[in-house]
Amino acid sequence: MPKTTAVEEVRAAVAPRSLWLLGPALVAGVAYLDPGNVASNMTAGAQYGYLLVWVVLAGNVMAWLIQYLSAKLGVVTGQSLPEMLGSRLRNRWARRAYWLQAELVAMATDLAEVIGGAVALNLLFHVPLLLGGFITGAVSMIVLAVQSRRGPRHFEFVIIALMAIITFGFVAGVFVAPPDPAGVVGGIVPRFEGTGSVLLAASILGATIMPHAIYAHSSLARDRFGSSGRRGEATDAAAEAARTEPSRIRRLLTATRWDVSIAMIIAGSVNLCILLLAAANLAGVEGTDSLEGAHAALAAGLGPVVATFFAVGLLASGLASTSVGAYAGAEIMHGLLHVRIPLLARRLVTLIPALVILGLGVDPTLALVLSQVALSFGIPFALIPLVALTAQRRTLGAYANRAWTTVAGVVASVLLIALNGALLWLLLTA
């Protein structure tokens, strides 16, 4: 059989009958547009101007590779990353310890997303933050009910609709007040300016490359496409099953590359626009180190319409990302502990930390930024196993990573771990 050319792969991926294959990456991509991203990028732009543009760009490039590897694992094996790890960690205490760090990362994610939704409701309707947290949690439960009762495809439709609102809300301001082209170009050069910029860089990466998105994407791809593997079994025989239908797997992987590309282009562009909006309009403005202050500054500088769009985007961001985060947390628990808790019940439990933070009156923006830093330290625990598993021929068979893909994954892992190590050193010695 002749090899499929690149042009034929593109045609197969964009054919009308293949459009239904798109979706899982867009859902996972919402994790890259959560309120933590907004807080980190707005703060970076307001405090350092265009300095950290390169961090957003580099993070997005690494995110493409990471999300594709995660999706490929789910497509080829029919198992999620947590399931694969749960079957390989034989020691019960090691498996529980791994679950605990992953669970803490998921909780940090949920904290950022619920707080972001609460802040947005406060900005739009002057709803008290604690009540806003309850409302955000309640709406997210409705979205999760769609996934539980109607299946993954309907869940994708809801999340993609919210992503469209997020994109419009955060990008509109850039067209009203465009950034300085020279400043944008200068921001592409990698550099830092003190401990604060390193802290924000780690925060941006924690928000851009999110551990729970890595876990979730493999699960989303499994639920949609992973019938080739034997879901839930602790076996490497899934790769052997995949070899029996190479045409289907190739088609799915081609569509997955397009799916991930579209999702990362959207997420990367929105994140960059948030930073550029702050750099061009909020630099040096008092009070822009908080979402509330940034909203007020946008209203004063660009008008109430742009500020309202920003708040609506923030609300959609909180609602969509907290739903995806709850989905990821449930998969982490099931895969590592082999415990299945109803998704809505789990949503109620994980809502508590965010409501406690809101009830105690902790500064919302500070909580958002610090939660993203916490996420950055969870990246190696998700990324290193992902690269290792997808490089194994006994796991993925003919679809195992090529040498350059594995090298790129290792380089990304080393860079992320090194940045986190530098961050910790600077914080301890400052």
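Residues numbered from 1 in each chain as written. Predicted model: local features only at pLDDT ≥ 70, side-chain atom pairs only at ≥ 80, totals over all residues. Heavy atoms only, no water.

Let's shift gears to the packing of aromatic side chains. Applying the stated criterion across every chain yields a total of six aromatic pairs. Between Trp64 and Tyr68, the ring centres sit 5.5 Å apart and the planes meet at 20 degrees, which makes this aromatic pair stacked. Of this pair, Trp64 and Tyr68 both sit in helix H4 (residues 53–77), four residues apart, which is roughly one turn of the helix. The class for Trp64 is partly exposed, based on a relative accessible area of 26%. The lysine or arginine in question, Arg96, covers the ring of Trp93, its NZ or CZ lying 4.8 Å from the ring centre. (Phe/Tyr/Trp six-rings, centres within 6.5 Å; stacked < 30°, edge-to-face > 60°. Helix = DSSP H or I, 4+ residues; strand = E, 2+ residues; numbered from the N terminus. Buried < 20%, exposed > 50% of the residue type's maximum accessible area, 1.4 Å probe, protein only. Lys NZ or Arg CZ within 6 Å of the ring centre and 35° of its normal.)

Moving on, we come to the pattern of salt bridges. Here the structure, examined in full by the defined rule, presents six salt bridges. For Glu103, the salt bridge identified is with Arg346, shortest N-O distance 2.4 Å. Here Glu103, found in helix H6 (residues 92–125), pairs with Arg346, found in helix H16 (residues 343–360); they are 243 residues apart in sequence, far enough to count as distant. Among the salt bridges present, the one from Asp223 reaches Arg222, with a minimum N-O distance of 2.8 Å. The exposure class assigned to Asp223 is partly exposed, which follows from its relative accessible area of 24%. Overall, the relative accessible area of 4% leaves Arg222 in the buried class. (Salt bridge = Lys/Arg side-chain N within 4 Å of Asp/Glu carboxyl O.)

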